[in-house]
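# Architecture at a glance
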Amino acid sequence: MPTASHRDYSLTPAQRDMRAAVARFSDQSIRPQARAIDAGNYPSDVLKNLAEAGFTRAGFPKDLGGAEVDSVSWALIIAEVARGSGTAGLALGVSGTASLPVLRLATPEQRQLLQPIIKGETPGVYAQSEPEQGSDVAGIKTIARPSVRDGVSGWEISGHKLWISNAWLGPTRRAHWAVVLCQTGEVGNRRTMRFFLVPLDTPGVDVQRVSTNGMRGSGTSQILFDRVFVPEEALLGKDEAGFQSAMQVLGASRIFFSARGLGIVEAAVDLAQEVLLRLHHEDPRDPRLPQGHARLDRLEVDAFNLRVLVYWVARLRDAGESFDHQVAIVKWVAGDTAVHVTSEAYNLIASLGGAPQELQDADRIFRDANQIPLAEGTSEIMERILARDLAGSLRSDGGPTVGRLLEEPGQLKETLVGAQDPPQVTDLLFTLAKAAYREAANAHQGKPSTRLLLPEEGAQGEPEEMSLSPIPSPRQEPLGVERALAALEVTHWETKVLFDALNGMLREGVDFYALEAARHRLRAQMDKALIQAHEVFQSLDDSSHWSLIAPLFSPQEALLRW
């Protein structure tokens, strides 16, 4: 049976203390309110109590009275708050997201507007999404035009923002202000996008609550701007384009949104464990217990894998490394894991004859989890980002061909049979799949080099509409090959990061349960990579190459080793 200690396996002493403190606060002060919050009540008291406990200071610099913790610690805080209530985790996380462009672009005077957030007096509101635009940042249509009213120079804003969290706090209460991304030029021009700080009590601003199936107390709203006038001082970053900042905000917020998914997953695992413990106390010989424990262990392995990935990408940000590609991987995995684990936890609790309140809690957690694949860029968008990046990396003529890799199949088999770690196997599968893709692309275009067509050379941002030149295949939709490759890449990265974590745990002498969770996941990843590689070759209509490769792999032997 898992214990809380196995969640600390790779944290520093300070991070362990932080996680433990927030976990206690979440259990004592947030979780008891989760049902009331789910009834539609915005968690204002939770944010105020978090501020009084000092946790809201964590994400802010010291010159504003913040604690300025690292990204891993902030992710831990959000995950533990979300474990108590997914909605509370969302409220805290969105406040952090809204603060990012202010910290990056604001004047010293504008930065002082963050004080009410730090003190828990109001949440931050980040207004970017629009109807029919979703994650297409470049396509926003909310317009800001220079204007003069009563002799005051400023801007007039008109437009419609949708799915905006934290704006509606109650029938008569609104958040103090919102960071609003606007277009100051022609729609689609990334160089003329700007952020504005807009008080939500400004004439012409209409905040209307929007009902949601999950995270019901999040104050999610649509905000209508009807010729809203703001003074010149409302503009953030006069000399910087808002698009670049918006993309940086998205990258960072996806780390912490994934951490919110982790917290929700851990809430589901905790609830299932509590039900099993209750049954054990009632009747230790209950025949449902052995299978229930086995099912719970599988769910904890999934949670363990997501935990490793969230810590990994947060550390990349702390190290100042590029993480846009990696965070797309983590966000994709977070969405899939959240939906799978919470659904299975509900089924497990139901099969154990859970009490009505336990089933209601499981249902709430499941509904909250279903928001994870949809917000901050859908799972489909994450898939397209990875597919686009892969296609771009395969433009060049470099890289081995399948033929070259198979020139000495005996040596290849010897390499596989003697492989000491799963990343070697998944890396070879990924390399072979990419090589087959290059060859098919060359043959399709009748050229000796791979040349894949993207909408814009070196394009950045969300690939809402992509027109890659896919390999024709009767079994795959457009982009099917790239998507299959992207799925294999995700498995390869998961395996590599998990293996690195396992080695770290062995050095640290971590408890047995965490080690077994890592080993179990690595076994599954090797088998999954083999299946995904086969799907790539299928989508390329390349059965001849696969028939040569398949006999070289002995997954059963590898699985037994691991």
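For the structure given in this document, a descriptive report is provided here. (Residues numbered from 1 in each chain as written. Predicted model: local features only at pLDDT ≥ 70, side-chain atom pairs only at ≥ 80, totals over all residues. Heavy atoms only, no water.)

Turning to the overall build of the protein chain, a few remarks are in order. Within the protein chain one finds 19 helices and 10 strands. When the 562 residues of the protein chain are sorted by exposure, 58% land in the buried category. Sequence-distant contacts, at least 24 apart, represent 76% of the contacts inside the protein chain between residues at least 6 apart. Summed over its atoms, the accessible surface of the protein chain is roughly 23,000 Å², and 51% of this surface lies on carbon and sulfur atoms. (Helix = DSSP H or I, 4+ residues; strand = E, 2+ residues; numbered from the N terminus. Buried < 20%, exposed > 50% of the residue type's maximum accessible area, 1.4 Å probe, protein only. Contact = heavy atoms within 4.5 Å. Areas by Shrake-Rupley, 256 points an atom, 1.4 Å probe, with all protein chains shown as cover.)

Right, let's talk about the packing of helix α9 (residues 289-318) against helix α17 (residues 512-539) for a bit. Viewed as axis vectors pointing N to C, α9 and α17 meet at an angle of 85°, and their least axial separation amounts to 9 Å. Judged by the inter-axis angle, α9 sits roughly perpendicular to α17. Counted together, D297, E300, V301, D302, F304 and N305 of α9 and Y513, A514, A517, A518, H520 and R521 of α17 form the full contact between these two elements. Of the residues contributing to the contact of α9 with α17, the split by class is 6 nonpolar, 2 polar and 4 charged. (Axes fitted to C-alpha atoms, helices over the stretch in contact; angles between N-to-C directions. Parallel < 35°, antiparallel > 145°, perpendicular 65-115°, else oblique. Nonpolar A, V, L, I, M, F, W, Y, C, P; charged D, E, K, R; others polar.)

It is worth spelling out the pattern of salt bridges at this point. According to the stated counting rule, one finds 23 salt bridges in the structure shown. Between E282 and R278 there is a salt bridge, with its nearest N and O atoms 3.0 Å apart. Taken as a pair, E282 and R278 lie in helix α8 (residues 242-282) at a separation of 4 residues, close to a single helical turn. Exposure remark for R278: the relative accessible area of 25% places this residue in the partly exposed category. Residues E516 and R519 are paired through a salt bridge, measuring 2.9 Å at the closest nitrogen-oxygen approach. One end of the pair is E516 and the other is R519, both in helix α17 and 3 residues apart, which spans about a single turn. Using a relative accessible area of 26% as the deciding quantity, one classes E516 as partly exposed. Residue classification places R519 among the partly exposed residues on the basis of a relative accessible area of 25%. (Salt bridge = Lys/Arg side-chain N within 4 Å of Asp/Glu carboxyl O.)

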